[in-house]
Amino acid sequence: MSGPGKLVPALQNRSFLCLLALVTVAFGWILWPMLSAVLWGVALAIVFQPLYRKLLRKTKRPGVAAGLSIVVILLLVVLPLTYVMGALVKEASVVFEMVKSGKFNFGTYVAQIYAALPGWLLELLERLGLHDLSNLQEKLGSALNQGSQFMATKALGFGQDTFDFLVSFCVMLYLLFFLLRDGEQLSARIRDALPLQDSYKRQLGEKFRTVIRATVKGNIAVAAIQGALGGLAFWVLGIHAPVLWAVLMAFLSLLPAVGAALVWGPVAIYLLSTHQIASGVGLLFFGTVVIGLVDNLLRPLLVGKDTKMPDYIVLLSTLGGMSAFGINGFVIGPLFAAMFIAVWDIVAAERRYPVGDRDT
């Protein structure tokens, strides 16, 4: 008599768990196209939560405080980015036309660099099979043609991409308002629903907030500073399209340890090879000491210190995240890595001090 009676609740529990998993996966599948909007809405809500709380203490009205926070975000973040993007599009179009017309010939620059190389380095390149300049120029020209075709394809889809971006941006702002206003209640409901111990919920929740805050503020701050410094150096040296190169350096700065050097390094080599010694040495010094110092000092302080993750974990998780999720990966990668470490720390603590032992 007792056997069937026990099977019914067990079957109901399993059925409910299957239903829970099914609706959760279905809801995630529905939200997947808006991943960027949701991700950045959550990230900005966490980063600007202190600002919202200050405004809330002054206004005493959650809706007004959330609205004012969004206005501040638009003024401090969105408007400067809009200006930079406008200058970027303008300079990129000019550079593209110069490449297309032949005024900007990378093959010529490669030939000038080869001509200035010392004999021992030319012998080394010959041993490595890199001495055939015409072959290298042909490959470079083919790569440029492919790049031009890629840019033309992107230009044809620019309208649709812009529309998608605007939709995602509006959704992000809409979501951000409610996350700022109702974030604490939403977090409490999520914590109550999770089938974990309260101590684990607090530990994982704090790790989640810390990694988001440190990664977004740290990586973006480092990227912006390195891009601005690199663009300033290019402007002082009279290099064409400094805003374009500044944005490219800022984007590459999201990759720890390498980053902006992938841009200013080849430019410095070209300046030295064309007998612009003072400019080349100056750029090498500025890039190595000043721009490199920003990466070496600020990134561990703003990212690695708060996340309590080693630098190599930050690098690997950032590269892997960007490879899997694109630009969003520089947040998702370190977040997954930090949660992975936190969960395994909990497992290790449980093995050392089981719950029963700790209660006694």
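Here, every reference points to the structure presented above.
Residues numbered from 1 in each chain as written. Predicted model: local features only at pLDDT ≥ 70, side-chain atom pairs only at ≥ 80, totals over all residues. Heavy atoms only, no water.

Q: Tell me what's going on with the overall build of the chain, and back it up with residues and numbers.
A: Across its full length, the chain carries 15 helices and 0 strands. Looking at the chain alone, contacts between residues at least 24 apart form 70% of all its contacts between residues at least 6 apart. (Helix = DSSP H or I, 4+ residues; strand = E, 2+ residues; numbered from the N terminus. Contact = heavy atoms within 4.5 Å.)

Q: Give me the lowdown on a positive patch on the surface, citing residues and values where you can.
A: Together, Lys 54, Arg 57, Lys 58 and Lys 60 make up a region of like positive charge exposed at the surface. Looking at the secondary structure, you find Lys 58 in helix α3 (residues 49–59). (Patch = residues over 30% accessible without salt bridge, like charges linked within 9 Å, V, L, I, M, F, W, Y side chains within 5 Å. Areas by Shrake-Rupley, 256 points an atom, 1.4 Å probe, with all protein chains shown as cover. Salt bridge = Lys/Arg side-chain N within 4 Å of Asp/Glu carboxyl O. Lys, Arg positive; Asp, Glu negative; His and termini not counted. Charge placed at Lys NZ, Arg CZ, Asp CG, Glu CD.)

Q: An account of the pattern of salt bridges is needed here, citing residue identities and associated values.
A: Inspection of every chain in the model, using the stated rule, returns 3 salt bridges. For Arg 209, the salt bridge goes to Glu 206, with nearest N and O atoms at 2.9 Å. Of this pair, Arg 209 and Glu 206 are both found in helix α9 (residues 198–236), 3 residues apart, which corresponds to roughly one turn of the helix.

Q: Now, about α3: what can you tell me, with residues and values included?
A: Within α3, the full set of buried residues consists of Gln 49, Tyr 52 and Leu 55. In an axial view of α3, the angular spread of the buried residues amounts to 120 degrees, which keeps them on one side of the axis. Opposite the buried face of α3, by more than 90 degrees, sit the exposed residues Lys 54, Arg 57 and Lys 58. (Buried < 20%, exposed > 50% of the residue type's maximum accessible area, 1.4 Å probe, protein only. Arc of directions from axis to C-beta.)

Q: Any details on helix α14 (residues 329–352)? Residues and values, ideally.
A: Since the α-helix turns once every 3.6 residues, residues separated by three or four places project in the same direction. Under the 1.5 Å per step criterion, the end-to-end length of α14 is 34 Å for 24 residues, consistent within 8% with the ideal 34 Å. What α14 keeps buried is the set Gly 329, Phe 330, Val 331, Ile 332, Gly 333, Pro 334, Leu 335, Ala 337, Ala 338, Ala 342 and Ile 346. (Expected span 1.5 Å × (residues − 1).)

Q: Break down unusual backbone geometry for me, citing the residues and quoting the values.
A: Non-glycine residue Lys 60 carries a positive phi angle of around 65 degrees. Of note, Lys 60 is situated in the loop between α3 and α4 (62–101). Judged by its relative accessible area of 64%, Lys 60 is exposed.

Q: Explain the environment of Val 94 residue by residue, including any values.
A: The residue Val 94 is located in helix α4 in this model. Owing to a relative accessible area of 37%, Val 94 belongs among the partly exposed residues under this scheme.

Q: Lay out the nonpolar core in plain terms, naming residues and giving numbers.
A: Core analysis: the biggest nonpolar cluster contains 35 residues, and Trp 40, Met 172, Leu 176, Leu 180, Ile 212, Val 216 and Val 331 have the highest contact counts within it. At the level of elements, α2 (35–47), α3, α4, α8 (158–193), α9, α13 (311–325) and α14 are the ones that each hand at least two residues to this core. For this core, the leading source of residues is α2, giving 8 residues. If near-sequence neighbours (up to four positions away) are discounted, Met 172 is found in contact with Ala 37, Trp 40, Gly 41 and Leu 44. (Core = buried A, V, L, I, M, F, W, Y, C linked by side-chain atoms within 4.5 Å.)

Q: Tell me about the side chain of Lys 201, and please be specific about residues and values.
A: Assignment of secondary structure puts Lys 201 in helix α9. For the buried residue Lys 201, which engages in no salt bridge, the nearest side chain bearing the opposite charge is Asp 198, 4.0 Å off. When sequence neighbours within four positions are dropped, the list of residues in contact with Lys 201 reads Arg 191, Asp 192, Leu 194 and Leu 196.

Q: Tell me about the packing of aromatic side chains, residues and numbers included.
A: Describing an aromatic ring pair means giving the distance of the ring centres and the angle of the ring planes. Tallied over the full model, the rule gives 5 aromatic pairs. Relative to Phe 178, the ring of Phe 177 lies with its centre 5.2 Å away and its plane at 90 degrees, an arrangement referred to as edge-to-face. Note on Phe 178: relative accessible area 28%, which makes it partly exposed. With centroids separated by 6.2 Å and ring planes inclined at 85 degrees, the aromatic side chains of Phe 325 and Phe 336 adopt a geometry described as edge-to-face. Of this pair, Phe 325 sits in helix α13 while Phe 336 sits in helix α14, and the two are 11 residues apart along the sequence. The exposure class of Phe 325 is partly exposed, given its relative accessible area of 29%. (Phe/Tyr/Trp six-rings, centres within 6.5 Å; stacked < 30°, edge-to-face > 60°.)

Q: Go over a nonpolar patch on the surface with me, naming the residues and quoting the values.
A: Judged by side-chain polarity, Phe 16, Leu 17, Leu 19, Leu 20, Leu 22 and Val 23 come together as a nonpolar surface patch covering roughly 600 Å² of accessible area. Positionally, Leu 17 belongs in helix α1 (residues 2–31).

Q: Break down the packing of α2 against α14 for me, citing the residues and quoting the values.
A: The interhelical angle for the contact between α2 and α14, taken along N-to-C directions, is 65 degrees, at an axis separation of 11 Å. By the angle between their directions, the pair α2 and α14 is classed as roughly perpendicular. Judged by the sense of rotation from one axis to the other, the crossing of α2 with α14 is left-handed. In contact with Leu 35, Leu 39 and Trp 40 of α2, α14 contributes Phe 330, Val 331 and Ile 332. Of the residues in the contact of α2 with α14, the class split is 6 nonpolar, no polar and no charged. (Axes fitted to C-alpha atoms, helices over the stretch in contact; angles between N-to-C directions. Parallel < 35°, antiparallel > 145°, perpendicular 65-115°, else oblique. Left-handed = near helix turned anticlockwise from the far one by under 90°. Nonpolar A, V, L, I, M, F, W, Y, C, P; charged D, E, K, R; others polar.)

Q: Could you give an account of the environment of Leu 262, with specific residues and numbers?
A: Positionally, Leu 262 belongs in helix α11 (residues 261–273). Relative accessible area serves as the criterion here: at 51%, Leu 262 is assigned to the exposed category. As for Leu 262 and Leu 252, which are separated by 10 residues in sequence, their C-alpha atoms are 7.7 Å apart.

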